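Overview (structure and organization)
In case you want the letters, here they are:
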2 protein chains.
Amino acid sequence: MRVLYHLPLSPFSRKVRLVLAERRLPFELKVERVWERRPEYLAMHAAGTVPVLVEDNGLVIPDSGVICEYLEEAYPDTALLGRTLGESVEIRRLVAWFDGKFASEVTRNLIGEKIMKRLFGRSQPDVGLIRAGYANLRSHLEYIGWLAEQRRWLAGNELSLADFAAAGHLSALDFTGEVDWSISAPARDWYSRMKSRPSFRPLLTDRVAGVDPPAHYPDLDF
Amino acid sequence: MRVLYHLPLSPFSRKVRLVLAERRLPFELKVERVWERRPEYLAMHAAGTVPVLVEDNGLVIPDSGVICEYLEEAYPDTALLGRTLGESVEIRRLVAWFDGKFASEVTRNLIGEKIMKRLFGRSQPDVGLIRAGYANLRSHLEYIGWLAEQRRWLAGNELSLADFAAAGHLSALDFTGEVDWSISAPARDWYSRMKSRPSFRPLLTDRVAGVDPPAHYPDLDF
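In this report, we go over the structure that sits alongside the text. (Residues numbered from 1 in each chain as written. Chains lettered and ligands numbered in written order. Predicted model: local features only at pLDDT ≥ 70, side-chain atom pairs only at ≥ 80, totals over all residues. Heavy atoms only, no water.)

So, helix H3 (residues 64–74) of chain A
Residues and elements named next belong to chain A. Counting buried positions along H3 gives 8 out of 11 residues, so the element sits mostly inside the fold. Taken together, the buried positions of H3 are Ser64, Val66, Ile67, Cys68, Glu69, Tyr70, Leu71 and Glu72. Of the residues that open H3, the one with a side-chain oxygen 2.8 Å from the backbone nitrogen of Gly65 is Asp63. (Buried < 20%, exposed > 50% of the residue type's maximum accessible area, 1.4 Å probe, protein only. Helix = DSSP H or I, 4+ residues; strand = E, 2+ residues; numbered from the N terminus. Polar contact = N/O pair within 3.5 Å; in protein donor to acceptor, adjacent residues only side chain to side chain.)

Topic: the sheet that holds strand S2 (residues 28–31) of chain B
Residue and element names in this part refer to chain B. Strands sit in the order S2-S1-S3-S4 across an open sheet of 4 strands; the sheet is mixed. Strand pairing shows two members of the sheet lacking a second neighbour, S2 and strand S4 (60–62), which therefore form its edges. Between one strand axis and the next, the sheet turns through 20° on average, direction left out of account. (Pairing = 2+ DSSP bridges. Axes fitted to C-alpha atoms, helices over the stretch in contact; angles between N-to-C directions.)

Some details on the interface of chain A and chain B
At the junction of the two partners, chain A supplies 22 residues and chain B supplies 22 residues. Around 1,800 Å² of area is buried between chain A and chain B when both sides are counted, 74% of it from carbon and sulfur atoms. Among the residues of chain A in contact with chain B, Leu85, Val89 and Arg92 of chain A are the three that bury the most area, contributing 29% of the side total. In this assembly, chain A and chain B are joined by 4 salt bridges. Glu73 of chain A is the partner of Arg92 of chain B in a salt bridge, and the nearest nitrogen-oxygen pair spans 3.1 Å. Elements that contribute at least two residues to the side of chain A that touches chain B include exactly strand S4 (60–62), H3 and helix H4 (85–120) of chain A. Examining the composition of the side of chain A that touches chain B, we find that 10 residues originate from one element, H4 of chain A, more than from any other. Per-class residue counts for the side of chain A that touches chain B are 13 nonpolar, 2 polar and 7 charged. (Contact = heavy atoms within 4.5 Å. Buried area = accessible area lost by both parts, 1.4 Å probe. Salt bridge = Lys/Arg side-chain N within 4 Å of Asp/Glu carboxyl O. Nonpolar A, V, L, I, M, F, W, Y, C, P; charged D, E, K, R; others polar.)

Listed below in structure tokens is the structure:
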């Protein structure tokens, strides 16, 4: 059985879980406590991050970006990276936007600074970074809302990897209670459509010791 | 004429310049001073980073990762992303390694902290970060040397995007005089082969106000 090494709060792992489920590719989830730096895991993936996908034939595919490109090439029945050059550019632009810009401006400040430091208790969270994270989240929600008003899905008329990249981050933030959905009604509507997809269901039953998701987290009609 | 908006010290811009030249795609270079946040540029690419490629047909392609995937699809004569699934995974894994891990552990600490702060004079460079950058550069050079000893090129027997991603970072660092090539003879040999390629020549004549590259920078026999 295909194995995905992951962490429940990792937005990059969440993106891959959604994409595998959308492609109807069965997989077994294994939690990898990356901070333990397990030698067998580092031998497989020297960077030591999650997610890593291991195929039945033994092929090891690290990094969520690499995994998503691989899945598109290996299982072309489901096209999540567009069908024309222009579509692919817009989809990959938004994936880079969420996994690069959104990740460093929002996710790192809120989940990295606030939640991970609380869970591990290693150092004091930096209040300035957390404040910046909330301000940036507001702008990003407005941008998502703007995209969702122009188009059926974030990158165009078809559901694409851009939606799953955004949903990976937002679902991790929503799990930790960080998202004020009243900021943008169209962003909320888009996220509600994402949440209703069968691929999303396993994420809504995630549990993490030390984090209580808000009451609306698993609620499809939040 | 195709236009590439770039900055001479940006390793991501350098990667794309090398890849365009390897593909024999003519292009005009335009320096984009991203810190000026030019409205016309932001309208084209909201994230405001370099590089951005603009094709003759008007297609705007931002982000070096997006550009390199686009070029592979649009101009398939030159394959820089491998021919089998396994090759592609290894190439993209290393591109993610250099543009993610190497960038944050080395380039950001040395070029970001040391050179950019000196050029802009906005705040004092953080000595701890610079020291970490040198220590990390040593490990990374050893890893590159190890790869270069196992294989003809970094990701396998064929020259690939992995080589250009690594060369983008190392050439920017070498330009600023940060690389001690005595750390790894095989890494030095690999870089010397990269530097001898015709695609590399324009990078060796770059000039940046306020930065004097070391005497060996343009030297093919350094």
